[in-house]
Amino acid sequence: MEHFDDVVTDTAITKAEIDAFVADETKIGERFLGTYPVWTTSGTTGEPGVFVQDETAWTVSDVVGDRWILPALADRSPLSRLITQNLRIALVAVSGGHFAGAAGLELMRRESVYGERRLRLFSPKSPINDLISDLNQYQPAILEGYSTVLVELARAQQNGRLNISPALILPTAEPISATQKRMLRDTFDCVVRELYGATEFVPIAVECEHGNLHANTDWVVLEPVDKDYQPVEPGTPSDTVLITSLANRVQPLVRYDLGDSITIYEEPCPCGSAFPIMEVGGRQGDVLKFETDDGEAVPIFPLALSSVVEEVPGVYRTQIIRTAPTKLAVRFEVTPDATEEEVWKQIERELESFLRTHEISRITVEAAPEPPQREERSGKFRHVWSEVEEPST
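1. What to know about the sheet that holds strand β4 (residues 119-122)
Strand order in the open sheet formed by five strands is β4-β3-β5-β6-β7, with parallel pairing between adjacent strands. Looking at which strands have only one partner, the edges of the open sheet turn out to be β4 and β7 (191-192). Two strands pair when backbone bridges link them, and strand β5 (residues 142-146) and strand β6 (residues 168-172) are joined in this way by five bridges, in the parallel orientation. Bridging from a neighbouring strand, L143 pairs with I169 of β6.

So, in structure tokens, the structure goes:
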């Protein structure tokens, strides 16, 4: 980010003006200079990033996944559901910033009559019962969002609280196991396709009909490397991955360290595609289950919890750890212009307020004595995890 002005290829774009643009939430879904979509990251693995898209990059992010997904929707049952549900799309993603998911959806809503009528954002911060109620009312044809949220929604469908009939489910943003994807397929009796992407390059890989993630290597170069940035052998998990975007020419990303652990395989896929199969370690986060004041166990999703803290002014980086059944410890670092004492007071207020919206009041929130720590092996920051055994139901 410190070399932003040297890297962008349109001299009308400056970091100062971009920063002012993304600081204005009324601009979410608008194009910078009337031309460029702009996405930001939350900064959970370092300094928040700002990424400008040109028209090719925007188009690629929108359509590359279709080649894996559309054939699966051509059968009679998915097609019938798409028509019955009026092609409505529900995206479960954090709002309140120029994040790729929420801001991209708002851009499509602004620029398309179809988008305005058939695209809706749902927040993972909402109490689970509210999310279930809203989805029951909306009845999406396509449901996309955080993997942990979708798995919890499947449980709600199984016990009768949720009653939707999507044609397609797209888990993304968090790791998901083959067992969990099978659970989604069996519960909703629909097509499920995992998406792996990042703000820097959205459609890195998409799942095929055989359950394998295929890297879109016609638009992005992936280099799995070890901790010394040396290539790893096929079939070996990397320490990180370097990506080169072949789509974006306004802000070139060449051998950009994404921070994820991936494995690329040489073996061909039974689907016949020449695009390589890959697996993702990704950025981990635990779903924490807390007891409400009425004794009900409710899930709190990792990105929902961490974003509450990240949105506090002055927070640079954070980690949230459940250290006891009724205790949360918060590691955090502040920006140079902030004081730890004032920032902590607001973190404490915001977390307690957030938990109260879920009817959870018997939780102690405390500041951890140590700052956020990187995992020794991967060098990455986990968002949220538990040091105690989580309830199974």
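This is not the end of the story, as more comes after the structure.
2. Quick notes on the side chain of Q85
Mapped onto the elements of the fold, Q85 is located in the loop between α5 (76-84) and β3 (89-92). Ignoring anything within four residues of it in the chain, the contact list for Q85 reads Q139, P140, A141 and S165.

3. Describing the pattern of salt bridges
The tally for this structure, following the rule as stated, stands at 21 salt bridges. Across the salt bridge formed by E30 and R110, the nearest N and O atoms sit 3.4 Å from each other. Of this pair, E30 sits in the loop between α2 (15-23) and β1 (38-40) while R110 is found in helix α6 (residues 100-111), placing the two residues 80 residues apart along the sequence. A relative accessible area of 29% places E30 in the partly exposed class.

4. Description of empty space enclosed by the protein
Evaluated as defined, the whole model comprises two cavities of 30 Å³ or more. In this structure, the largest cavity encloses a volume near 70 Å³. Residue lining of the largest cavity: Q53, A57, V60, S61, T199, E200, F201, V202, P203, S245, A247 and N248, and that is the complete set. Sorting elements by how many residues they give to the lining of the largest cavity places helix α3 (residues 55-63) first, with three residues. Its residues placed into classes, the lining of the largest cavity shows six nonpolar, five polar and one charged. Taken as a whole, the second largest cavity holds about 30 Å³ of empty space.

5. Some details on the nonpolar core
Membership of the largest hydrophobic core comes to 73 residues, with the highest contact counts inside it found for L135, L143, L153 and I347. Setting aside residues up to four positions removed in sequence, L153 forms contacts with I128, L131, I132, L135, L143, L162 and F188. Within the second largest apolar cluster, 19 residues are counted, among which are V220, V241, A247 and I264.

Conventions and cut-offs
Residues numbered from 1 in each chain as written. Predicted model: local features only at pLDDT ≥ 70, side-chain atom pairs only at ≥ 80, totals over all residues. Heavy atoms only, no water. Pairing = 2+ DSSP bridges. Helix = DSSP H or I, 4+ residues; strand = E, 2+ residues; numbered from the N terminus. Contact = heavy atoms within 4.5 Å. Salt bridge = Lys/Arg side-chain N within 4 Å of Asp/Glu carboxyl O. Buried < 20%, exposed > 50% of the residue type's maximum accessible area, 1.4 Å probe, protein only. 1 Å grid on protein atoms, 1.4 Å probe; cavity = no way out; pocket = protein on both sides within 12 Å on 5 of 7 lines; lining within 4 Å. Points joined across faces, edges and corners; volume = space filled by probe spheres on them. Nonpolar A, V, L, I, M, F, W, Y, C, P; charged D, E, K, R; others polar. Core = buried A, V, L, I, M, F, W, Y, C linked by side-chain atoms within 4.5 Å.

Scope: geometric values only; no functional claims are made or implied.
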